[in-house]
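Next come the chains, spelled out residue by residue.
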Amino acid sequence: MVYVFLADGFEEMEAVAPIDILRRMNVPVTIVGVTGRQISGSHNITIYADKTFDECDFKDIEAIVLPGGMPGTINLGNNEQLCSLIKKCFKEGKIVSALCAAPSVLGNLGLLEGREFTCYPGFEKDVKGIYKNVPLVISEGKPTVITAWGPGAAYRFGFALAQIITGKNTDKLKASMMTCGD
């Protein structure tokens, strides 16, 4: 199961694009509301979470997705339960992924030290890690860590995540969605 964590102020594209791609690839996804069942994005688009954080037991967790956005990233990073779960998943070798400003949450937890990552420009300055100024970085190993620039890289991020989780090529899906070469 892939758990996508949303907090008020999340970046809508960074949440919806990966969720859509994963579901099209038949990957089970649960949208988790960290700040409640109804979450308002940074551009006033409201998403209704499948569950709130407290309603999940996370026994079947395979991957974590942290969309960025402001103040969504701050709200994610301030949630102690979520931060504990991220560290646990990292230690257990689960896939940990974040977009835009959200890689800073991973960095603040010390999880990017010695690893390549990317993020929205400016958020790398306080992260101990190997910053790459590219749209998508897949830092393989245990665990695999996937990071992306921001909304413009959300589809690329979603396809990469889907391919890693399923082990299946995503070219057919990309073609059916008429992507622009990514």
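Throughout what follows, the structure given in this document is the object of discussion. (Residues numbered from 1 in each chain as written. Predicted model: local features only at pLDDT ≥ 70, side-chain atom pairs only at ≥ 80, totals over all residues. Heavy atoms only, no water.)

Some remarks on helix H1 (residues 12-24)
To be explicit about the condition: Segments assigned H or I by DSSP are reported as helices when at least four residues long, segments assigned E as strands when at least two residues long, and all are numbered from the N terminus. To estimate the expected span of a helix, count its residues, drop one, and scale the result by 1.5 Å. By definition, residues are in contact when any of their heavy atoms lie within 4.5 Å. Two N or O atoms form a polar contact when they lie within 3.5 Å of each other; inside protein one atom must be a possible hydrogen donor and the other a possible acceptor, and for residues adjacent in sequence the pair counts only when both atoms belong to side chains.
Its 13 residues give H1 an end-to-end C-alpha distance of 18 Å, which sits within 8% of 18 Å, the value for a rise of 1.5 Å per residue. Of the surrounding secondary structure, the elements contacted by the buried residues of H1 are strand E1 (2-6), strand E2 (29-33), strand E7 (95-99), helix H5 (154-166) and helix H6 (171-176). N-cap assignment for H1: the residue whose side-chain oxygen lies 3.2 Å from the backbone N of Met13 is Glu11. Looking one or two places after H1, you find Asn26, whose phi comes out positive at around 60°.

Looking at the packing of aromatic side chains
Cut-off, in case you're wondering: Stacked, tilted and edge-to-face are the three classes assigned to paired rings of Phe, Tyr and Trp, where Trp is represented by its six-membered ring and a pair needs centres within 6.5 Å; plane angles under 30 degrees give stacked, over 60 edge-to-face, the rest tilted. Burial here depends on accessible area, computed with a 1.4 Å probe over protein chains only, as a share of the maximum for the residue type. Under 20% is buried, over 50% is exposed, and the range in between is partly exposed.
Evaluation of the coordinates by the stated rule reveals seven aromatic pairs. Their ring planes at 70° and their centres at 4.9 Å tell us that Tyr3 and Phe58 sit as a pair that is edge-to-face. Here Phe58 lies in the loop between strand E5 (51-52) and strand E6 (63-66) and Tyr3 lies in strand E1, a separation of 55 residues in the sequence. Accessibility expressed as a relative area gives 10% for Phe58, which makes it buried. Ring centres of Tyr120 and Phe123 lie 6.5 Å apart, and the angle between their planes is 65°; this geometry places the pair in the edge-to-face category.

Things to note about the pattern of salt bridges
In plain terms, the rule: Think of a salt bridge as a Lys or Arg side-chain nitrogen and an Asp or Glu carboxyl oxygen that are within 4 Å of each other.
Per the stated rule, a full pass over the model turns up five salt bridges. A salt bridge links Asp20 to Arg24; its shortest N-O distance comes to 2.6 Å. Here the residue Asp20 and the residue Arg24 both occupy positions in helix H1, the gap between them amounting to four residues, near one helical turn. Measuring nitrogen to oxygen at the nearest pair gives 2.5 Å for the salt bridge that ties Glu55 to Arg37. Separated by 18 residues along the polypeptide, Glu55 in the loop between E5 and E6 and Arg37 in the loop between E2 and strand E3 (38-40) bring together distant segments of the chain.

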